[in-house]
Amino acid sequence: MLSFEDAVGYNVNYVISEGGCFISQPIVQLQNVTKRIGKKTIINDLSLDLPVGEVFGFLGPNGAGKTTTIRMMVGLMSLTGGEIKIDGYSITKQYQKAIRNVGAIVENPEMYKYLSGYQNLIHFARMIPDISDERIEEVVKLVGLGSRIHDKVRTYSLGMRQRLGVAQAILHRPKLLILDEPTNGLDPAGIRELRDYLRQLAKDEGISIFVSSHLLAEMELMCDRVAIIQNGKLIDVRGIKQQGDDGAESRRFVFEVGNVVEAITVAAQLGQKAEADGQSAIAIEADRELVAKLNAAFVEAGVSVYGIRAQGKSLEDQFLEMTGGEQIV
Ligand SMILES: Nc1ncnc2c1ncn2[C@@H]1O[C@H](COP(=O)(O)OP(=O)(O)OP(=O)(O)O)[C@@H](O)[C@H]1O
Ligand SMILES: [Mg+2]
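Only a predicted model underlies this, so the values are computations on that prediction, with no experimental measurement involved. (Residues numbered from 1 in each chain as written. Chains lettered and ligands numbered in written order. Predicted model: local features only at pLDDT ≥ 70, side-chain atom pairs only at ≥ 80, totals over all residues. Heavy atoms only, no water.)

Draft legend 1. Spotlight on the packing of aromatic side chains. Applying the stated criterion to the full structure yields three aromatic pairs. A ring pair is formed by Phe-58 and Phe-210, whose centres lie 5.0 Å apart and whose planes are at 35 degrees; its orientation type is tilted. With Phe-58 in strand β5 (residues 55-59) and Phe-210 in strand β10 (residues 208-213), this residue pair connects regions lying 152 residues apart in the sequence. In this structure, Phe-58 and Phe-210 share a single accessibility class: buried. Aromatic rings pair up to connect Phe-56, Phe-58 and Phe-210 into one cluster. (Phe/Tyr/Trp six-rings, centres within 6.5 Å; stacked < 30°, edge-to-face > 60°. Helix = DSSP H or I, 4+ residues; strand = E, 2+ residues; numbered from the N terminus. Buried < 20%, exposed > 50% of the residue type's maximum accessible area, 1.4 Å probe, protein only.)

See below:
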């Protein structure tokens, strides 16, 4: 398992070159953030850096403290201790400067159902200085609502409302978009769409995206990196392999075979070091391709293969183990 330092990659922290020139800083820094309500510690000494330009997932079971953290990040809730900086500005001490860089959907976005999506955007744009008509058009394109933007919001599906919400949130060109459980209530196709256009947004607008969820599978599809939180504490941060990398990773595989000694010899002929795993099985480090190759070689050499299984845990297993399942805490 990656350590926190490995996963976050402290090279993205304040990097000052020898000439003293400022290279990069995280778009969000949570520093020892603590929130207590009454006697209950809801967020406990949470520190986290979000690198610029990534889709960053905030994963935790129900009640873990995701919404509470997000509410503090957007200044809707005070901190008991610690500090939150957005693009280097303290959300508590430099609120205006910090919040200028943030677009967020925390609770359901406010929309007028009897106006069209477009009219909603115009209405919203009036409340923000310097939003041109061109920017509105641009945002409509970015979120892919197409001609439906001129239909009344009450005729929109949940996914379309979600898109309109994102359009509203990015009108003022924030550097950071924060979405609390945006996949809630979406069907698998809607989740896929959301993922695709969030990733597109990160790429086209160079926007960093912070998105919370209690579902690992969604996070894996959507994010470059995921922080896992439980009981208000950060328990892990890790990079997520994106599509196409699947199966490239080596894992330990166990082959149940008819003849262990023979199987080890065949593996050795392929340049692979296998070891006995009990009386009737061998274990070997392999990626997907090698598993297929080994299997073919065993069969060809007359070694019967009764079963092949991967050892070690999937990310999902690890998450469930770390968080104690999906139970509410
Ligand atoms: N105003 C409050 N007063 C007391 N406790 C609170 C308050 N707000 C949140 N909590 C508690 O803090 C914990 C974290 O809640 P939070 O809403 O941040 O969790 P979450 O990770 O967003 O969960 P979910 O996945 O269900 O949305 C919960 O135990 C919740 O009951
Ligand atoms: Mg929540």
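Next comes the rest of the write-up.
Draft legend 2. The side chain of Glu-83, seen in detail. If you trace the backbone, Glu-83 turns up in strand β6 (residues 81-86). You can call Glu-83 buried: its relative accessible area is 12%. A distance of 2.9 Å separates the side chain of Glu-83 from the side chain of Ser-90, its partner in a polar contact. Side chain to side chain, Glu-83 and Thr-92 meet in a polar contact 3.4 Å long. In contact with Glu-83, not counting residues within four places along its chain, are Gln-29, Leu-30, Gln-31, Val-33, Ser-90, Thr-92 and Lys-93. (Polar contact = N/O pair within 3.5 Å; in protein donor to acceptor, adjacent residues only side chain to side chain. Contact = heavy atoms within 4.5 Å.)

Draft legend 3. Examining helix α7 (residues 188-204) more closely. In this model α7 runs 24 Å from its N-terminal to its C-terminal C-alpha over 17 residues, within 8% of the 24 Å that 1.5 Å per residue would give. Among the residues of α7, Gly-190, Ile-191, Leu-194, Arg-195, Tyr-197, Leu-198, Leu-201 and Ala-202 are the ones counted as buried. Looking at the packing, one finds that the buried side of α7 touches β5, α5 (133-143), α6 (158-170), β9 (176-179), β10 and α8 (216-222). Gly-206, located one to two residues past α7, shows a positive phi value of around 65 degrees. (Expected span 1.5 Å × (residues − 1).)

Draft legend 4. How the structure looks around the site of ligand 1. In the vicinity of ligand 1, the contacting residues are Ile-37, Lys-40, Ile-42, Pro-61, Asn-62, Gly-63, Ala-64, Gly-65, Lys-66, Thr-67, Thr-68 and Glu-181. Between ligand 1 and Gly-63 there is a distance of 2.7 Å, counted from an oxygen atom to a backbone nitrogen or oxygen. Relative to its unbound accessible surface of 640 Å², ligand 1 loses 61% to contact with the protein. Where the shell around ligand 1 is concerned, the elements lending two or more residues are β4 (40-50) and α2 (66-73). The element best represented in the shell around ligand 1 is α2, accounting for three residues. Looking at the shell around ligand 1 residue by residue, the class counts come to four nonpolar, five polar and three charged. (Near = heavy atom within 4 Å. Areas by Shrake-Rupley, 256 points an atom, 1.4 Å probe, with all protein chains shown as cover. Nonpolar A, V, L, I, M, F, W, Y, C, P; charged D, E, K, R; others polar.)

Draft legend 5. Structural view of the packing of helix α4 (residues 117-126) against α5. In contact at an axis separation of 11 Å, α4 and α5 are set at 130 degrees when each is read in the N-to-C sense. Classed by the angle they form, the pair α4 and α5 counts as oblique. Crossing hand, α4 versus α5: right-handed. The residues of α5 that touch α4, namely those facing Tyr-118, Leu-121, Ile-122 and Ala-125, are Ile-136, Glu-137 and Val-140. Looking at the contact of α4 with α5 residue by residue, the classes come out as six nonpolar, no polar and one charged. (Axes fitted to C-alpha atoms, helices over the stretch in contact; angles between N-to-C directions. Parallel < 35°, antiparallel > 145°, perpendicular 65-115°, else oblique. Left-handed = near helix turned anticlockwise from the far one by under 90°.)

Draft legend 6. Highlighting the environment of Arg-252. Position of Arg-252 relative to the elements: it lies in strand β13 (residues 251-257). Taking the C-alpha atoms as reference points, Arg-252 and Ile-284, 32 residues apart in sequence, are found 5.5 Å from one another. When residues no more than four places from it in sequence are discounted, the contact partners of Arg-252 are Glu-275, Asp-277, Ala-283, Ile-284, Glu-285, Arg-309, Ala-310 and Gln-311.

Draft legend 7. Here's a closer look at the packing of helix α9 (residues 260-269) against helix α10 (residues 288-300). At a minimum axis distance of 10 Å, the contact between α9 and α10 shows a crossing angle of 125 degrees. One finds that α9 runs oblique with respect to α10. Pair α9 / α10 crosses with right-handed handedness. When α9 is examined against α10, the residues Ala-263, Val-266 and Ala-267 are found in contact with a partner set consisting of Leu-294, Ala-297 and Phe-298. Residue classes in the contact of α9 with α10 are distributed as six nonpolar, no polar and no charged.

Draft legend 8. Fine view of the side chain of Ser-116. By the element assignment, Ser-116 lies in the loop between β8 (102-105) and α4. Non-local contacts of Ser-116, meaning those with residues more than four positions away in its chain, are made with Ile-149, His-150, Asp-151, Lys-152 and Val-153.

Draft legend 9. Inspection of the pattern of salt bridges at higher detail. Tallied over the entire structure, the rule returns 15 salt bridges. Across the pair Lys-175 and Asp-87 runs a salt bridge whose closest N-O atoms are separated by 2.6 Å. Of this pair, Lys-175 sits in the loop between α6 and β9 while Asp-87 is found in the loop between β6 and β7 (89-90), placing the two residues 88 residues apart along the sequence. Close ionic contact of Glu-138 with Arg-173 constitutes a salt bridge, the shortest N to O distance being 3.4 Å. Of the two residues, Glu-138 is situated in helix α5 and Arg-173 in the loop between α6 and β9; the sequence distance between them amounts to 35 residues. Ionic contacts of the salt-bridge type, sharing partners, join the residues Arg-135, Glu-138, Arg-173 and Glu-205 into one network. (Salt bridge = Lys/Arg side-chain N within 4 Å of Asp/Glu carboxyl O.)

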